[in-house]
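What the coordinates show
The residues making up each chain are set out below.
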Amino acid sequence: QVQLVESGGGLVQAGGSLRLSCAASGRSFVGYAMGWFRQAPGREREFVAAISWSGGRTTYADSVKGRFTISRDNAKNTAYLQMNSLKPEDTAVYSCATKNVGLPTFLPKEYDYWGQGTQVTVSS
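Since this is a predicted model, take the numbers as computed values, not measurements.

**Notes on the overall build of the protein**
- When helices and strands are counted, the protein shows zero helices and 11 strands.
- Along the protein, from the amino end to the carboxyl end, the secondary structure elements read β-β-β-β-β-β-β-β-β-β-β.
- For the protein, whose C-alpha radius of gyration is 13 Å, the value lies close to the compact-globule estimate of 14 Å for 124 residues.
- A principal-axis box enclosing the C-alpha atoms of the protein has dimensions of 40 × 25 × 25 Å.
- When burial is assessed residue by residue, the protein has 43% of its 124 residues classed as buried.
- Residue pairs at least 24 apart in sequence account for 59% of intrachain contacts in the protein once pairs closer than 6 positions are excluded.
- Accessible surface, the protein: about 6400 Å² in total, of which carbon and sulfur atoms supply 47%.
- Side chains of the protein carry 13 positive and 9 negative charges; the gap between the two charge centres is 4 Å.

Printed below as a string of structure tokens:
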């Protein structure tokens, strides 16, 4: 079983920045892709960003492209989401996930393990 724990969420003013971390433990997941998703109150979970195991391929939702950057450090079993120029509409619970195929896909159902999430709140 892979355990994922997110951290780094909080309250920030519009235009500010946060960096989320996702620490993985448990079984080895060499070759796994990592993804970030978010869910706002009353809304369905949506894709944010994903990265291949090597870090060489990334994909982003159009809503965050140019503002957010996903990265990973496999030596630390950790993925990151750098969020800049935050907007109130970015407010959500952000969760990380991993899948046992290294391609960065955007469908939640393709991911095998999920963290509990961390709250990000962006004030106007």
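**Let's talk about the nonpolar core**
- In terms of nonpolar packing, the biggest core is built from 33 residues, with Leu4, Trp36, Val48, Phe68, Leu81, Met83 and Tyr94 touching the most fellow members.
- Broken down by secondary-structure element, the contributors of at least two residues to this core are strand E1 (2-7), strand E3 (18-26), strand E4 (33-39), strand E5 (46-51), strand E7 (68-73), strand E8 (78-83), strand E9 (92-99) and strand E11 (118-123).
- With five residues, E5 is the single largest residue contributor to this core.
- Once you skip the residues sitting within four places of it in the chain, Leu4 turns out to touch Cys22, Ala23, Ala24, Met34, Cys96, Ala97, Thr98, Tyr113, Trp114, Gly115 and Gln116.

**Some points on the pairing of E4**
- Burial analysis of E4 places six of its seven residues in the buried class, the great majority of the element.
- Of the strand pairs in this sheet, E4 and E5 are connected by five bridges, and their pairing is antiparallel. By the bridge assignment, Trp36 is partnered in E5 with Ala49.
- Between the antiparallel neighbours E4 and E5 lie six residues, among them Gly42 with a positive phi of about 75 degrees.

**Focus on the environment of Ser63**
- Mapped onto the elements of the fold, Ser63 is located in the loop between strand E6 (58-60) and E7.
- Ser63 sits in the partly exposed class, given a relative accessible area of 41%.
- Along the sequence, Ser63 and Arg38 sit 25 residues apart, while their C-alpha atoms lie 12 Å from each other.

Parameters at a glance
- Residues numbered from 1 in each chain as written.
- Predicted model: local features only at pLDDT ≥ 70, side-chain atom pairs only at ≥ 80, totals over all residues.
- Heavy atoms only, no water.
- Helix = DSSP H or I, 4+ residues; strand = E, 2+ residues; numbered from the N terminus.
- Rg over C-alpha atoms; globule rule 2.2 N^0.38 Å.
- Buried < 20%, exposed > 50% of the residue type's maximum accessible area, 1.4 Å probe, protein only.
- Contact = heavy atoms within 4.5 Å.
- Areas by Shrake-Rupley, 256 points an atom, 1.4 Å probe, with all protein chains shown as cover.
- Lys, Arg positive; Asp, Glu negative; His and termini not counted.
- Charge placed at Lys NZ, Arg CZ, Asp CG, Glu CD.
- Core = buried A, V, L, I, M, F, W, Y, C linked by side-chain atoms within 4.5 Å.
- Pairing = 2+ DSSP bridges.

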